[in-house]
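Examination of the molecular architecture
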Amino acid sequence: MQAFYTMLQFLLPGLGVTISVTAIALCMGCCIGALMAVMRVYGGLVAKAIAVCYSMVVRAVPVVVLIFILFFVISEFVDLSPFMSGAIALGFASGAYQTEIFRGALLSIPQGQMVAARGIGMSRAKAIRCIILPQAFRVAIPSLINEVSLVLKDSSLVFVIGVPELMRRAQYASASTMEPLLAFGTAAFFYIMMTLFVSKLLEAVEKRFAISF
Amino acid sequence: MPLPVLRIEKLCKSFGNTAVITDVSFDVIPSEVIVVIGSSGTGKSTMLQCINLLLRPTSGRIFLEEKEITAPGVNQDNVRRQMGMVFQEFNLFNHLTVLGNVTIGMVKVSGIPAKQAKEKALQELERVGMAEHCEKYPAQLSGGQKQRVGIARALGMDPKVMLFDEPTSALDPELTGEVLAVMQKLAAEGMTMIIVSHEMGFAREVADRVIFMENGTIEEQGIPDQIFSTPRSERTRKFLSVIRPGKSV
Ligand SMILES: Nc1ncnc2c1ncn2[C@@H]1O[C@H](COP(=O)(O)OP(=O)(O)O)[C@@H](O)[C@H]1O
Ligand SMILES: [Mg+2]
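I will try to describe carefully the structure that is included in this document. (Residues numbered from 1 in each chain as written. Chains lettered and ligands numbered in written order. Predicted model: local features only at pLDDT ≥ 70, side-chain atom pairs only at ≥ 80, totals over all residues. Heavy atoms only, no water.)

As for the site of ligand 1
All names here are of chain B. Spelled out, the test is: We call a residue near a given molecule or strand whenever any one of its heavy atoms falls within 4 Å of it. Distance and chemistry together define a polar contact, namely a pair of N or O atoms within 3.5 Å, with one atom able to donate a hydrogen and the other to accept it when in protein, and with adjacent residues in sequence counting only for side-chain atoms on both sides. Only the protein chains shown count as covering a residue, and every accessible area follows the Shrake-Rupley method with a 1.4 Å probe.
In the vicinity of ligand 1, the contacting residues are Phe15, Val20, Ser39, Ser40, Gly41, Thr42, Gly43, Lys44, Ser45 and Thr46. Taking Gly43, its main chain carries an N or O atom lying 3.0 Å from an oxygen atom of ligand 1. Thr46 is positioned such that a nitrogen or oxygen atom in its side chain is 2.5 Å from an oxygen atom of ligand 1. Within the complex, 54% of the 560 Å² of free accessible area of ligand 1 lies under protein.

Concerning a nonpolar patch on the surface
All names here are of chain A. Selection rule: Patches draw on residues past 30% relative accessible area with no salt bridge. Two like charges within 9 Å are joined, as are two nonpolar side chains (Val, Leu, Ile, Met, Phe, Trp, Tyr) within 5 Å. What counts as a salt bridge is simple: a side-chain nitrogen of Lys or Arg found within 4 Å of a carboxyl oxygen of Asp or Glu. Helix and strand definitions here come from DSSP, where helices need a minimum of 4 consecutive H or I residues and strands a minimum of 2 consecutive E residues; each element is numbered from the N-terminal end. Each residue's exposure class comes from its accessible area (1.4 Å probe, protein chains only) as a fraction of the maximum for that residue type: buried when under 20%, exposed when over 50%, partly exposed otherwise.
A surface patch of nonpolar side chains, amounting to about 780 Å² of accessible area, comprises Val65, Phe68, Ile69, Phe72, Val73, Ile74, Phe77, Val78 and Val160. Within the fold, Val78 resides in the loop between helix 3 (63-77) and helix 4 (82-108). What makes Val78 partly exposed here is its relative accessible area of 46%.

A closer look at the interface of chain A and chain B
Size of an interface, as often reported, equals the accessible area lost when the parts are brought together. Put simply, the rule reads: When checking whether two residues touch, look at their non-hydrogen atoms; a contact exists if any pair is within 4.5 Å. Each of two parts loses accessible area, computed with a 1.4 Å probe, when they are put together; buried area is these two losses added. The nonpolar class holds Ala, Val, Leu, Ile, Met, Phe, Trp, Tyr, Cys and Pro. Asp, Glu, Lys and Arg form the charged class, and all remaining residues, Gly among them, are polar.
Facing the 20 residues of chain A at the interface are 18 residues of chain B. Approximately 1,800 Å² of surface area, both sides summed, lies buried where chain A meets chain B, with 64% of it carried by carbon and sulfur atoms. The set of elements that each furnish at least two residues to the side of chain A that touches chain B consists of helix 5 (111-119) and helix 6 (124-154) of chain A. Ranked by residues supplied to the side of chain A that touches chain B, first place goes to helix 5 of chain A with 7 residues. Of the residues that constitute the side of chain A that touches chain B, the class distribution is 10 nonpolar, 7 polar and 3 charged.

Some remarks on the sheet that holds strand 1 (residues 6-15) of chain B
Residue and element names in this part refer to chain B. The cut-off we apply is this: Only strands joined by at least two bridges in the DSSP assignment are considered to pair. Helix axes are fitted only over the stretch in contact, all axes being lines through C-alpha atoms; the angle between N-to-C directions runs from 0 to 180 degrees.
The 4 strands are arranged 2-1-4-5 in an open sheet whose pairing can be described as antiparallel. Looking at the sheet topology across the chains shown, the edges are occupied by strand 2 (18-28) and strand 5 (67-68). Where helix 1 (residues 44-51) meets the sheet, it contacts strand 1, strand 2 and strand 4 (59-64), and its direction lies at approximately 120° from that of strand 1.

Side note on the sheet that holds strand 3 (residues 33-37) of chain B
All names here are of chain B. Reading across the sheet, the 6 strands line up as 6-7-8-3-9-10 and stay open at both edges, with mixed pairing between neighbours. Each edge of the sheet is formed by a strand with only one pairing partner; in this case those strands are strand 6 (83-86) and strand 10 (217-222). Neighbour to neighbour, the strand axes of the sheet diverge by 20° on average, direction disregarded. With 5 bridges connecting them, strand 9 (residues 209-214) and strand 10 associate as antiparallel partners. Residue pairing in the sheet places Met213 in a bridge with Ile218 of strand 10. Across the sheet, helix 1 lies against strand 3, strand 6, strand 7 (161-165), strand 8 (193-196) and strand 9, angled at about 155° from strand 7, the strand it touches most. In this fold helix 5 (residues 143-155) packs onto strand 6 and strand 7, with an angle of close to 170° to the strand it touches most, strand 6.

Observations concerning the side chain of Arg40 of chain A
Residues and elements named next belong to chain A. Structurally, Arg40 is set in helix 1 (residues 2-42). A distance of 3.4 Å separates the side chain of Arg40 from the side chain of Glu100, its partner in a polar contact. Non-local contacts of Arg40, meaning those with residues more than four positions away in its chain, are made with Lys48, Ala51, Val52, Ser55, Glu100 and Arg103.

Observations concerning the side chain of Arg148 of chain B
Residue and element names in this part refer to chain B. Among the structural elements, Arg148 can be located in helix 5. Here Val128 takes part through its backbone oxygen, which lies 3.0 Å from a polar atom of the side chain of Arg148. Leave out the neighbours within four places in its chain, and Arg148 touches Val128, Gly129, Met130, Glu178, Val179 and Val182.

A few points about the layout of surface pockets
Residues and elements named next belong to chain A. We count it as follows: In this analysis a 1.4 Å probe is tested at points of a 1 Å grid over the protein atoms alone, and where it fits but cannot get out there is a cavity; an open set with protein on both sides within 12 Å along at least five of seven lines is a pocket; lining residues have an atom within 4 Å of a point. Grid points are joined across faces, edges and corners, and a volume is the space filled by probe spheres set on the points.
The volume enclosed by the largest pocket comes to roughly 490 Å³. Forming the walls of the largest pocket are 23 residues, and the residues nearest its centre are Leu26, Leu144, Ile145, Val148 and Leu202. Looking at the lining of the largest pocket, the elements with two or more residues in it are helix 1, helix 6 and helix 8 (180-209). Among the elements that line the lining of the largest pocket, the one with the most residues is helix 6, at 9 residues. A class-by-class count of the residues in the lining of the largest pocket yields 19 nonpolar, 2 polar and 2 charged.

Concerning the pairing of strand 6 of chain B
All names here are of chain B. Of the two faces of strand 6, the one carrying Met83 and Met85 and the one carrying Gly84 and Val86 are both buried. With 4 bridges connecting them, strand 6 and strand 7 associate as parallel partners. In the strand pairing of strand 7, Met83 is matched with Val161.

Notes on empty space enclosed by the protein
Evaluation of the coordinates by the stated rule reveals 1 cavity of 30 Å³ or more. Its boundaries defined by the atoms lining it, the largest cavity holds a volume of some 30 Å³. Lining the largest cavity we find Ala116, Gly119 and Ile120 of chain A together with Met85, Phe87, Gly150, Arg153 and Ala154 of chain B. Elements with a minimum of two residues in the lining of the largest cavity: helix 5 of chain A together with helix 5 of chain B. Classifying every residue of the lining of the largest cavity by side-chain character gives 5 nonpolar, 2 polar and 1 charged.

In structure tokens, the structure reads:
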């Protein structure tokens, strides 16, 4: 028990890094996803093509490959810490999945909402911003909960470029204490707690913003 | 003869090769109430949507208070703002409260400050008898209540003319009365309105003019008494006998 407690304390700073990486990736993915989905559903030919390509390419490439590309290639040209490289790579990856989530949500909004918005004099862009997207966000909440827990788990991949998040610290502890079960078990415990917390939190959000038709 | 609020000149609309509206022309004078009747699929909805430019007319010209709105370079959003549209399926914004439904256009389109918009919205909701429900969401309302909010939403933009596309067709029979009563009140207040409806009793009582449409064109028009009692066209007669079985024409 004492050993578990010591391990918890050792891994704790990694928890903060994991949460930060995940949060940055999710926010970035959300912006990209919403934008790409709007391009896909409401855009012209070029916008549609860009969004389709992005989604297809990013989803085809393993997240680890994206992380390496950002860390070894892009950071040659722009000053990027391992932390930021990892977060941004995860953000791009999540963006592709969130594009699909938002696309489905946008398509589920009844046509009449756009017509009514145009009817009171809104431009297309304003109608999308003020009427369609707010409803699409609410529709997307269950899928977004799922995406949060997926990105949380994927964030462990950034350990490959040395970001001191949970997994990296667990690996370090495992090597120095020769107790892999304790080290990775504790890490697993953290992941489980975070996932539970996230799903409870977002369930509450979903209740708060639920709309019925 | 007062200047028309709306003048429709040789309006045509096709989808691909299918002509849906052919050569429709009429004027709407201030405070006039026009009820458009006709069987389903004759292009009544298409005509209304062309009038407020939700659909682009294939040819023809439309004037709103003497200004041609079909001319190139006209700001179409601004045109739509000046015409209120009420839909068969209500199309209330599901994520907004009743109050939010009425204020959003005022705030986001007309740029009225939120506080002022709220006051004005409450007045409009009062007009349709929905002020006490202002905090509810659309899903909590009956069909008749939804439609009254839909009317208040359109009124909030201070439209020069109101377009109604079968406002009571999606309602249970016992709920049509409350919506028709609101429309009758608007008519009495002098609102200019074009109403597509199958409510013949309402048309007879409230309309200044009835337009009968058939195959995308105006088959016959006139004051309600004339249309309903002594229709000139055989087609009008036929339509009326189908829609009002039992009543001799
Ligand atoms: N977007 C569209 N594309 C092709 N055909 C359409 C479209 N909208 C309406 N139509 C056709 O135009 C005709 C008139 O439709 P509509 O204006 O809805 O009639 P009404 O409102 O009188 O019932 C129908 O035959 C319908 O199929
Ligand atoms: Mg129709």
